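# Architecture at a glance
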Amino acid sequence: MSKTSNQMWGGRFAAGPDAIMEAINASIGFDKRLAAQDIAGSRAHAAMLAATGILSDSDAEAIRKGLLTVLSEIEGGTFEFSTALEDIHMNVEARLKEVIGEPAGRLHTGRSRNDQVATDFRLWVRDQLDAAEAGLEALMKALLAQAEAGADWVMPGFTHLQTAQPVTWGHHMMAYVEMFSRDLSRVRDARKRMNESPLGAAALAGTGFPIDRQMTAEALGFDAPMANSLDAVSSRDFALEFLSVASISAMHLSRFAEELVIWSSAQFRFVTLSDRFSTGSSIMPQKKNPDAAELIRAKIGRIFGANVALMMVMKGLPLAYSKDMQEDKEQVFDAADNWMLALAAMEGMVRDMAANVPALEAAASAGFSTATDLADWLVRETGLPFREAHHVTGTLVAMAESRGCDLPDLTLADMQGVNGAITEGIFDVLGVHNSVASRVSYGGTAPAQVRAQVARWKEVLE
């Protein structure tokens, strides 16, 4: 093969195998996001080494001050990351040596990059779970505000996206409060399960130095050190659980985003989204596009993809550490970024959106939405078996449909022509407000039930 064709084939790696290996091996391009966690872990490790007599107090103090200097450089944007140094751990250690000299070389006593990265990554994921908890709580509070305001507003409830029965706006908002509350529970549960420290597991077998793993675990806010060194360096199920929790929550966000896209359309006109979360068309001046909702709906695919991708990375790996596991971080970083963004955008949309109450009520009154109330009334007041009541109701729906009217528009005589046991009392249940008010079972759509659930959740969240 000619030199020219090799350059064409190699592209940016035309310099040869060294350039290729450096590019495929280096992770500093993305794991520099672990800088704060890496330095926190190193500070805890150095303090422990001094407390156990493995490191002198003077060396530990030099390391402590030097790490703070490195952290300030990174946070200030003056730190120069090197691809040749591969990862965040070696970049920090190399700079620490430049700052404090020979004591920097003692920092790595009793640990490996294997337990170091596992610790850093757990700390980072734990921070993201804390951020998700805050984001979910904020979104739930925004939904509660909407539910409280609209506890009496009637709207159509759908199955198959077909009008089914009237519900209240507040009831619909509270359905998402319940969904996101389960996401919140999963976040808290995942955080509790992953909050153990790998630090001190070293490469895979532990270390012969008399380290105190309980001390470093406590210093980093972990509940305990991990009990098996092989497991400590090779497990990434905490990251997979994070992605699983994120995926379920993202699915809930996407479902709500889809409803907002539908509801804000000219055909529905159920809600108006604020200008802060919408855009106009470049050529059609009448349009107001629900871009934030659409982007939430789309970004969710990246979270699902990250979950599958990391599963594929981990599924065939023997114990303990393999370089494949370097591919865990980009997936988790991207998923976390998009989940946090989607939560914040959804909270903003929910807080700002305005329900079109007349349009909601008009839609709730259409489509024979009180047919089930009619059937229930027949069972309750005339003693008809439900299947027969269902047939009578279907006949009346067909009659109303043929006349181009709704059930409440039929006369008593019309109804008695189908079933003579029907009385004037039927009209007490055919209005949509009467319908929703009658659904007083626990968890039902009645305004009183909605207000009770709102009060319960406000107390829980406050």
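Residues numbered from 1 in each chain as written. Predicted model: local features only at pLDDT ≥ 70, side-chain atom pairs only at ≥ 80, totals over all residues. Heavy atoms only, no water.

Turning next to the overall build of the protein. The secondary structure content of the protein amounts to 20 helices and eight strands. Taken over C-alpha atoms, the radius of gyration comes to 31 Å for the protein, far larger than the 23 Å a tight globule of 462 residues would show. For the protein, the centre of its 42 positive side-chain charges and the centre of its 59 negative side-chain charges are spaced 3 Å apart. (Helix = DSSP H or I, 4+ residues; strand = E, 2+ residues; numbered from the N terminus. Rg over C-alpha atoms; globule rule 2.2 N^0.38 Å. Lys, Arg positive; Asp, Glu negative; His and termini not counted. Charge placed at Lys NZ, Arg CZ, Asp CG, Glu CD.)

It is worth spelling out a nonpolar patch on the surface at this point. On the surface, a nonpolar cluster with roughly 270 Å² of combined accessible area is contributed by Leu204, Leu230 and Leu319. Owing to a relative accessible area of 32%, Leu230 belongs among the partly exposed residues under this scheme. (Patch = residues over 30% accessible without salt bridge, like charges linked within 9 Å, V, L, I, M, F, W, Y side chains within 5 Å. Areas by Shrake-Rupley, 256 points an atom, 1.4 Å probe, with all protein chains shown as cover. Salt bridge = Lys/Arg side-chain N within 4 Å of Asp/Glu carboxyl O. Buried < 20%, exposed > 50% of the residue type's maximum accessible area, 1.4 Å probe, protein only.)

Here we come to the pairing of strand β1 (residues 154–159). Relative to strand β2 (residues 162–168), β1 runs antiparallel, the two being bridged by six bridges. Bridge assignment links Met155 to a residue of β2, and that residue is Val167. Joining the antiparallel neighbours β1 and β2 is a turn of two residues, in which His160 adopts a positive phi near 60°. (Pairing = 2+ DSSP bridges.)

Another point: the nonpolar core. For soluble globular proteins, the rule of thumb is that nonpolar side chains tend to be buried together. In this structure, Phe256, Trp263, Trp339 and Met346 are the most contacted members of the largest nonpolar core, which totals 97 residues. Sorting elements by how many residues they give to this core places helix α11 (residues 237–263) first, with 15 residues. Apart from residues lying up to four places away in sequence, Trp339 is in contact with Ala132, Leu136, Val187, Phe242, Val245, Ala246, Ser249, Leu253 and Ile303. One finds Leu374, Leu384, Val392 and Leu410 within the second-largest nonpolar core, a separate group that totals 20 residues. (Core = buried A, V, L, I, M, F, W, Y, C linked by side-chain atoms within 4.5 Å. Contact = heavy atoms within 4.5 Å.)

Relative to each other, helix α8 (residues 169–194) and α11 sit at 165°, their axes nearing to 9 Å. One way to sum up the angle between α8 and α11 is to call them roughly antiparallel. Handedness of the crossing formed by α8 with α11: left-handed. Residues Trp169, His172, Met173, Tyr176, Met179, Phe180, Asp183, Arg186, Val187, Ala190, Arg193 and Met194 of α8 touch α11, and the partners they reach there are Phe238, Glu241, Val245, Ile248, Ser249, His252, Leu253, Arg255, Phe256, Glu259 and Trp263. Residues belonging to the contact of α8 with α11 are distributed by class as follows: 14 nonpolar, three polar and six charged. (Axes fitted to C-alpha atoms, helices over the stretch in contact; angles between N-to-C directions. Parallel < 35°, antiparallel > 145°, perpendicular 65-115°, else oblique. Left-handed = near helix turned anticlockwise from the far one by under 90°. Nonpolar A, V, L, I, M, F, W, Y, C, P; charged D, E, K, R; others polar.)

Take the packing of aromatic side chains next. One pass over the structure, following the stated rule, counts twelve aromatic pairs. Relative to Trp263, the ring of Trp169 has its centre 5.7 Å away and its plane inclined at 40°; by these criteria the two rings are tilted. Here Trp263 lies in helix α11 and Trp169 lies in helix α8, a separation of 94 residues in the sequence. Members of the aromatic cluster, joined through ring pairs, are Trp153, Phe158, Trp169, Trp263, Phe268 and Phe270. Residue placement shows Arg126 over the ring face of Phe222; its charged tip is 4.9 Å from the ring centre. (Phe/Tyr/Trp six-rings, centres within 6.5 Å; stacked < 30°, edge-to-face > 60°. Lys NZ or Arg CZ within 6 Å of the ring centre and 35° of its normal.)

The next subject is the packing of helix α12 (residues 291–314) against helix α13 (residues 328–352). Running from N to C, α12 and α13 point in directions that differ by 155°, and their axes come no closer than 9 Å. The orientation of α12 relative to α13 falls into the category roughly antiparallel. Seen from above, α12 lies across α13 with left-handed handedness. Seen from α12, the contacting residues are Ala292, Ala293, Ile296, Lys299, Ile300, Arg302, Ile303, Ala306, Ala309 and Leu310; seen from α13, they are Asp328, Gln331, Val332, Asp334, Ala335, Asn338, Trp339, Leu341, Ala342, Ala345, Met346 and Met349. Looking at the contact of α12 with α13 residue by residue, the class counts come to 16 nonpolar, two polar and four charged.

Together, Glu196, Asp223, Asp231 and Asp237 make up a negatively charged patch on the protein surface. Residue position: Glu196 is located in strand β3 (residues 196–197). Residue classification places Glu196 among the partly exposed residues on the basis of a relative accessible area of 33%.

Let us look at the environment of Val432. Structurally, the position occupied by Val432 is in helix α19 (residues 432–438). For Val432, a relative accessible area of 7% puts it in the buried group.

With that settled, the discussion passes to the pattern of salt bridges. For side chains of opposite charge, pairing can occur when their charged atoms come near one another. Taken as a whole and judged by the stated rule, the model has 28 salt bridges. Across the pair Arg351 and Glu347 runs a salt bridge whose closest N-O atoms are separated by 2.9 Å. Of the two residues, Arg351 and Glu347 both sit in helix α13, four residues apart, roughly one turn of that helix. Counted as one network, the salt bridges with shared partners bring together Asp59, Glu102 and Arg106.

Let us now look at the side chain of His172. With respect to the helices and strands, His172 occurs in helix α8. The exposure class assigned to His172 is buried, which follows from its relative accessible area of 16%. Residues in contact with His172, not counting those within four places in the same chain, are Met155, Glu259 and Trp263.

Next up on the list: the environment of Pro103. Tracing the chain through its elements places Pro103 in the loop between α6 (88–100) and α7 (113–149). The class for Pro103 is buried, based on a relative accessible area of 12%. Between the C-alpha atom of Pro103 and that of Glu258, which follows or precedes it by 155 residues, the distance is 57 Å. When near neighbours in sequence (up to four residues on either side) are disregarded, Pro103 contacts Asp59 and Ile63.

Turning our eyes to something else, we now look at the confidence of the model for the protein. Confidence in the prediction for the protein averages 91 pLDDT; 94% of positions are at 70 or higher. This model gives residues 1–10 a pLDDT under 50, and the stretch forms three contacts once residues within four places in sequence are excluded. (pLDDT = per-residue confidence, 0-100.)

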